[in-house]
Each structure stands twice: as C-alpha cells, then as structure tokens.
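Coordinates in review
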Amino acid sequence: METTAKTFTATNTELTPEAVAWRDSRLERIRQWQSKNGYAPFIDETGIQTTLEENRRPPREAVLDIVEKARANASTGEMLTAAEVACLTAVEDEAAWEAIYDAANWIKQTVYGNRIVLFAPLYVSSPCVNNCLYCGFRSKNRAVVKRTLGPEELDEELRCLVDAGHKRLIMVYGESPENDYRYICGTLEAAYKLRKGPGEIRRANVNAAPLFVEEYRDVRAMGIGTYQVFQETYHKPTYRRVHPNGTLKGEFDWRVFGLHRAQEAGIDDVAIGVLFGLYDWRFELLGLLHHAMALEKEFGVGPHTISYPRLEPAEGTPFTTESPWLVSDADFKKIVAIIRLMCPYTGSILTARERPDLRRDVMRAGGVSQMDAGSRIAVGGYAQMNREHQPDRQQFLLGDTRSLDEFILDLCREGYLPSFCTAGYREGRTGANFMPLAKHATVKNFCIANGVLTFQEYLDDYASEAVRKIGQEKVIPQYLAWLDTHNPGLGDRVRGNLQQMFKEAARDLHF
Amino acid sequence: MDMPHLREALGEECRRLCERYGLTQAYVVEIVGLRRHYLAGYGRPTMDKPEHLPLSEKIALFWHGTVPAEEQAGCTHELQDLAERWEKEALSGKSKYENGKDAQ
C-alpha cells in the first residue's frame, strides 16, 4: 500500500494522462481476452424475451404448482426453470403473491434458519476511470469528491467498524490505477491484521471490478471471503447505453464472464447481482438465473450470494431519477421473493439502500439472509460522519441510517437471531463443500449455533443495555431451545461454549 | 488452480480414510490467510468441530470423526505426497487456464 492518501487521478472532469494510459492499455488487454474467450454465452436476449412473452398469463394453478416445486427445491438445491421464473414475474393475483411470500420466508427458514447475517460495507477507494451514467463515482461527475484511503485513514475506518462490533466486511473499490488489484491486496491485508481488544475482522468480501486471472490469484491469496461482480444489467442494449464505449466497464463479455475467471483463479465463492432500475426487472431476473446456471454448469458451484440493489438518487447523477425502469417498492418486494424461490441455496443480500420500513417487510416476505447495518458509504465516512449524510462523497444515498445496535434491537424485537458468523469459510466449508450444505438445507444447524455464539460475543463486548437485555433474556434462550429441538445435543454443546466464553473470556468459538 | 487429476486423487484418499476409520467426512483444504479453501474430500460434515492435520506448508487435512493420534502421521503419507504435488503444480505452476480458456 502507498503510505500516503491519494486524491483522484483526475482534475475536474478530465482523467489524468496516467489514468488514460492505464485505462487504454487495460482496455486493449480486455479486448484481447474477449477475442479469445471460449466460454459459451449464456444471455440470449431474444430467448429471454420469448420466455417472458410465452408465460405472460400463467394460470393460478400453475403458479401454485411452481411455488410448491420451489418449496421442494429447498431440500435439493434445484433451481426453477426460466419458464417458471417468468411465470412468477407475471403473477397479478394478490393471493398468489401471498403464497409466494410465504414460500420465500419458509425456504429461507428451511435452508438458513431464522438468522440474519450482519456485515458492513467499507468504501475504500472511489476513483474510477469508468463513466457509468447511474453512478455517483463516474469519472465525469464533479459533484462527488473521489478519494482513496491511505493506511492511516483505512486503519481509522476499520477501527470504527470493529468498535461497533462488526466482524464481516464487504470492501468496495472503484476501477482506476489508484485502486488496482495490488491496492486491493494491501487493504485486505490491513483489514485482516487489525486487532482491537476483542475486535477483529474475520471475513472480508470484495466488491470490485472484474480482473484478469493472475490478478484474481493475488487477491485470492489474501484469504478473501466472496468476490462480487454485479453485471448491473443483463440487457445488452441497455448495458451499452449506460456504460459508454471506450470505458473498461463498457465491455459486456469481460464483465459477464468476470466470475468465470475468478473461478479459474480458484475463487470459488462468487456473488452476482443486478442494479434494478436500469432495465425491465423481469428480464433481469432471468439474467440472474442464467448466470447462476452458467456458473453451476461450468464449475459445479453456483453463486454464494445474490444482491439486488435498486437505483437510488446520487449527487449530480440525474439518470438515477429519470430511468423509465425504476422499480417500485411493491415490485422490489416481488423481485426479492422470486430470487429466493428461483435459487433456494444462495445467500440473499438486502442492503441499507432501502428504508427501514421496507427492509422490515422485505426481509420476511423475501426470505433475506444477509443485511448491512450502521452503514456509511462515503469513503472515509465511518470516521468522519456520525449520523449525517455526506452526499458529496457517496456513490448514492442511503435509505436506512440506523446504527448497528439500533438495527440489532429491531431484529431482536422481530424474533430474528442477529449473527456475525464467519465460521464456514474458516472451516473449509467453501465452494463445492458449502453447496451441499445449503442445497440440502442442513447448513442452518451451523448457522444457528454459530449465530448464537457470535451474538453472545456482541452482547458481551458491544451491545447497548437494551440489546443486552432482550438478547440475553429472549433471543439467546429462544435459539438454544431451537437447537435442542432441531439437533439434540447441539444446544448443550453451544451452552458449553457460552460457559467457556463467560468463564475464560474465550472468543471466536465456532462450529 | 484447477487440477482435476489431483483433486480426484485427494478425494480418493479422503474416501479411503473415511472407510478405514468410520469418519463422516475427510477433506483437504488450502490455507489462504484465514480461509480454509476446500480442495477435495469425501463424505458429509457433522456438527463436530473438525480435527485437522497439516499435510504441507499450505495444505491441511480436516476430518469429522476419530483418527487415533498414533496413526495420524502413518495414514496420511499418500495425502502428504499429493499435497506437496498440489503446492508444486497448482500453487506455483501453471494451470490449464494460465493462458486463457483456449489454452486447454
């Protein structure tokens, strides 16, 4: 890592010559890769449109059959077919939607149990040579200040997160010479090194531009959790319109096979996503499905998680409010539920882009498994901002600004188990070893046991009095009882670990 | 990173261990920072915390069940050889993807 903080590789709206040279050289290499790419395309626009058209008016009975099939798939890991997903997108009957929401919640409970895994986004570096119409960090947006954290600033951010109780991060980077894979590696190393009292980062996921295989290998060597590359839109004409030609992100195939290359490099926990609001959400759902199927077909491992951010207003970015495909709250809820039904084994991430009331509704009706809380999305935002937005440093505007502790209190009141579990990837439950656990709905035993242990850590080390009270009196006993019922003997073993935590101040006990 | 022949051999050795000692699962991981990256294995995990044994600098064996301590070194010779080959061929050498998909 560089020893001092940098400012953007551009002045005003113009990229510096260094940034232009880096971009152009990289673009040439990307196009060379695309010219040799041997992977079979998996996005057939005409085919997707036809599938949607052919399933525009599904009979109610057919919809309910699909819902039942999705429930059955929770124990096999099978995904729905494209035609079945298309049918779900066309449902108009309110009663049928209630059946879908019930099933989404049931599938989530069946696979993962009633826990919500908590994480924090950490925006590390925002300079970007791309110029995506919807993004506040685009190179030509003068309204948002771009920043790259230096070591001291990064350390300060990490300490804020650890002090709040976080154990799991998604570290977010723009795409520029300032934040290339070497910078990513340096910042990951810093995150994993930090120790502060009982606090540490135990899992760092990455959200960054797609890389070359050899670059992925270096990032992999840092011991990352998941690598996220969101396609944003699977609709090529829209993709080309919002990602200008001549930018790195303008290359559709480079991005859509980005996680194939990650798998080649040995990164077997990969995450896909769409920025809903760029194009028809029905089309995008089928794009996600085909992407998941392509990864399974090629590597035997589907996406570890699926994310579904919605286009949100951003400073100096009028496209975010003018797109004709903006998704309503009602449709957003449908999207999340359909994702749960179509791909039952995958983690489902609902972010703080959304408002608290909507998050409460969607997390249950959509079968959500992971959420962020106490989030700040300005680079350097955790250290510099307490509760106020910093719209001139953010990629977009947040909907839920509750603190982690406030959010956890709400989870407890709603009966969820807040979890900081990061055990799976540290015990070799990754890739092909994780998938059977999720596909056969047995991973919930690990999830609940490790959820209880990590929540107890939070109660002991970070919680407010209100959270400690409800956690100790209601949540922990509730989930120990769940373990007693669902996995006899396991509850007592977790109680043994809790005793060890109490008597010896032991931490990071996990299954 | 993909070495199908070595993965297969590692998985076969894990199967042999499971059958010999009645293990519910044995699997081989690469140690990558905090991550224990699954390479190959046999069986299904239980809720016991797995036992583990280093096979080489970067490769370790995990298992659910009991392998007598006095037999652990003796029964993993083959796995140790395979682990060393993995380190040489997969971690420091070129994979089939090194020059792109068309290099296969």
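Residues numbered from 1 in each chain as written. Chains lettered and ligands numbered in written order. Predicted model: local features only at pLDDT ≥ 70, side-chain atom pairs only at ≥ 80, totals over all residues.

Looking only at helices and strands, chain B has three helices and four strands in total. Put simply, chain B runs from its N terminus to its C terminus through helices and strands in the order α-β-β-β-β-α-α. Taken over 104 residues, chain B has a buried fraction of 34%. For chain B, the share of sequence-separated contacts (at least 6 apart) that also reach a separation of at least 24 residues comes to 56%. (Helix = DSSP H or I, 4+ residues; strand = E, 2+ residues; numbered from the N terminus. Buried ≥ 20, exposed ≤ 12 C-beta atoms within 10 Å, placed from the backbone. Contact = placed C-beta atoms within 7 Å.)

This brings us to the overall build of chain A. The helix and strand tally for chain A stands at 21 helices and 15 strands. Rg of the C-alpha trace for chain A: 22 Å, near the compact-globule value of 24 Å for 511 residues, within the 12% margin. With the C-alpha coordinates of chain A rotated into their principal frame, the extents come out at 60 × 60 × 40 Å. Of all intrachain contacts in chain A linking residues separated by at least 6 positions in sequence, the fraction that spans at least 24 positions is 79%. (Rg over C-alpha atoms; globule rule 2.2 N^0.38 Å.)

So, about the packing of helix α7 (residues 181-193) of chain A against helix α8 (residues 213-220) of chain A. Residues and elements named next belong to chain A. One can describe the packing of α7 onto α8 by two numbers: an axis separation of 9 Å at closest approach and a directional angle of 10 degrees. Classified by the interaxial angle, the pair formed by α7 and α8 is roughly parallel. Residue-level contacts link Tyr-181, Ile-184 and Cys-185 of α7 to Glu-215, Asp-218 and Val-219 of α8. The residue makeup of the contact of α7 with α8, split by class, is four nonpolar, no polar and two charged. (Axes fitted to C-alpha atoms, helices over the stretch in contact; angles between N-to-C directions. Parallel < 35°, antiparallel > 145°, perpendicular 65-115°, else oblique. Nonpolar A, V, L, I, M, F, W, Y, C, P; charged D, E, K, R; others polar.)

A few words now on the interface of chain A and chain B. In this complex, chain A contributes 30 residues to the contact, which on the side of chain B involves 21 residues. Of all the secondary structure elements, the ones that give two or more residues to the side of chain A that touches chain B are α1 (17-36), α8, α18 (431-439) and α19 (443-461) of chain A. Ranked by residue count, the leading element in the side of chain A that touches chain B is α18 of chain A, at four residues. Class assignment of the residues belonging to the side of chain A that touches chain B gives a composition of 13 nonpolar, 10 polar and seven charged.

Here we take up helix α20 (residues 465-486) of chain A. All names here are of chain A. If you check α20, its first and last C-alpha atoms are 30 Å apart, about what 22 residues at 1.5 Å a residue would give, namely 32 Å. At Gly-471, α20 shows its maximal bend, which comes to roughly 45 degrees. Burial in α20 covers these residues: Val-467, Gly-471, Val-475, Ile-476, Tyr-479, Trp-482 and Leu-483. In this structure, the buried side of α20 is in contact with α17 (404-413), β15 (417-419), α19 and α21 (490-504). (Expected span 1.5 Å × (residues − 1). Bend = angle between axes of the 7 residues up to and from the residue.)

The subject of this paragraph is the sheet that holds strand β2 (residues 35-43) of chain B. Pairing between the strands of a sheet comes from backbone hydrogen bonds, and it takes one of two forms, parallel or antiparallel. All names here are of chain B. With antiparallel pairing, the four strands of this open sheet are ordered in space as β2-β1-β4-β3. The sheet is open, and its two borders are formed by β2 and β3 (51-54), each paired with just one other strand. Taken over all neighbouring pairs, the strand axes of this sheet differ in orientation by 25 degrees on average, direction set aside. In the sheet, β3 pairs with strand β4 (residues 59-64) via four bridges, with the strands oriented antiparallel. Among the inter-strand pairings, His-52 is bridged to a residue of β4, identified as Phe-62. (Pairing = 2+ DSSP bridges.)

Let us look at the domain arrangement of chain A. A common way to report how large an interface is uses the accessible area buried once the components associate. Residues and elements named next belong to chain A. For chain A, the domain assignment lists domain 1 (6-40 + 108-402) and domain 2 (426-504). Each of domain 1 and domain 2 has a C-alpha centre, and these two points are 29 Å apart. With 15 residues of domain 1 in contact, the opposing surface of domain 2 contributes 16 residues. (Domains from an automatic or database assignment.)

In the case of a regular strand, side chains alternate between the two sheet surfaces. All names here are of chain A. In terms of residue burial, strand β4 (residues 115-125) counts as a mostly covered element, since 11 of its 11 residues are buried. With three bridges joining them, β4 and β15 adopt parallel strand pairing. Considered in β15, the bridge of Val-117 is made with Ser-419. Inspection of the sheet shows β4 paired to strand β14 (residues 370-372) by three bridges, in the parallel sense. Residue pairing across strands places Val-117 opposite Gln-370, the latter belonging to β14. Looking at chain direction, β4 and strand β6 (residues 168-173) are connected through five bridges and run parallel.

A few words now on the nonpolar core. Ranked by internal contacts, the top residues of the largest apolar core, which has 164 residues, are Val-85, Leu-169, Met-171, Ile-335 and Leu-341 of chain A. Counting only domains with at least three residues in this core, you end up with domain 1 (6-40 + 108-402) and domain 2 (426-504) of chain A. (Core = buried A, V, L, I, M, F, W, Y, C linked by C-beta atoms within 7 Å.)

Residues and elements named next belong to chain A. Structurally, Val-129 can be placed in the loop between β4 and β5 (147-148). Val-129 sits in the buried class, given 26 other C-beta atoms within 10 Å. Separated by 91 residues in sequence, Val-129 and Arg-220 place their C-alpha atoms 24 Å apart. Residue contacts for Val-129: discarding those within four places in its chain leaves Leu-15, Ala-19, Arg-23, Ser-139, Glu-175, Ser-176, Thr-247 and Leu-248.

Attention now moves to helix α6 (residues 151-164) of chain A. Residue and element names in this part refer to chain A. Taking 1.5 Å as the rise per residue, α6 with 14 residues should run 20 Å; its terminal C-alpha atoms sit 20 Å apart, in good agreement. Buried residues along α6 sit in contact with β4, β6, α7, β7 (195-196), β8 (199-200) and α16 (381-384). Looking one or two residues past α6, Gly-165 carries a phi angle of roughly 115 degrees, positive in sign.

What follows covers the confidence of the model for chain B. Residue and element names in this part refer to chain B. Summarising the model, chain B shows a mean pLDDT of 85, and 86% of its residues fall at 70 or more. The low-confidence segment residues 93-104 (pLDDT under 50) makes 19 contacts with residues lying over four places distant or belonging to another chain. Scored by ipTM, the complex comes to 0.80, with pTM at 0.92. (pLDDT = per-residue confidence, 0-100.)

All names here are of chain A. Here Ala-441, not a glycine, exhibits a phi torsion of approximately 60 degrees, which is positive. For Asp-508, which is not glycine, the phi dihedral falls at a positive 60 degrees. Tracing the backbone shows Asp-508 in the segment after α21.

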